[in-house]
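Structural description and commentary
Residue strings, one per chain:
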Amino acid sequence: MARTKTSKAKDARHSSRVRRKPASRPASRPANTSTPRRTDMILAMNDPYMQQIIDGKKTYEFRKYNMAGIERIWFYRTAPHSAITHICPVQKAATRREGDPPLPEDGLGNAEYNNKHLDYEGYDYAYRIKGVYEIQAAGGKGITWAMMRDEHGMKSAPRGRVSVPQSMLDQYKIGEQEKKW
């Protein structure tokens, strides 16, 4: 039986493919390739919650996930602001595990968190806000989305938690920002 031109071309395509063994992975990573420690995170925040933090009425930020190693939260205020406007140093997360002390009831939501109110179901990590710093950026509106994109290479506006780019950390040092409290 004669082979057609089409079947010869098909055979040629298949024969040119070389099967390769998958690269073996080392049993352990060298020390210099470990995951970087994330001390600064951007979190999206809606008003009125951001204003409650600025005013000192909300003293904890509640999250459903642990942000181990976090030292500062950079709050991205959603529309109409669409900018990172404040940096807040935070303490290590408090939890509601058995034996953990309750939060001091000195801020909005703290009593509800302690009492496991339904609105706080799943929010098992509470980050004490130690201060509020207003970002002093050109234009006086914080680090706008355009600045995040054009100056710091961010691909999209923050929606969840995002590591702060090194260029932003270098440009907006916390000690150079206006302390609100």
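Residues numbered from 1 in each chain as written. Predicted model: local features only at pLDDT ≥ 70, side-chain atom pairs only at ≥ 80, totals over all residues. Heavy atoms only, no water.

Here we come to the nonpolar core. Membership of the largest hydrophobic core comes to 17 residues, with the highest contact counts inside it found for Ile 53, Ile 70, Ile 73, Phe 75 and Tyr 127. If you list the elements that add at least two residues to this core, you get strand S1 (40-45), helix H2 (49-54), strand S3 (72-77) and strand S6 (125-128). Non-local contacts of Ile 53, meaning those with residues more than four positions away in its chain, are made with Met 45, Lys 58, Glu 61, Phe 75, Cys 88, Ile 129, Val 132 and Trp 181. (Core = buried A, V, L, I, M, F, W, Y, C linked by side-chain atoms within 4.5 Å. Buried < 20%, exposed > 50% of the residue type's maximum accessible area, 1.4 Å probe, protein only. Helix = DSSP H or I, 4+ residues; strand = E, 2+ residues; numbered from the N terminus. Contact = heavy atoms within 4.5 Å.)

A separate point is the environment of Tyr 65. In this structure, Tyr 65 sits in the loop between strand S2 (60-63) and S3. As for Tyr 65 and Asp 124, which are separated by 59 residues in sequence, their C-alpha atoms are 7.3 Å apart. Once residues within four sequence positions are removed from consideration, Tyr 65 is found in contact with Leu 43, Tyr 125, Tyr 127 and Arg 161. Here Arg 63 takes part through its side chain, which lies 3.0 Å from a polar atom of the side chain of Tyr 65. (Polar contact = N/O pair within 3.5 Å; in protein donor to acceptor, adjacent residues only side chain to side chain.)

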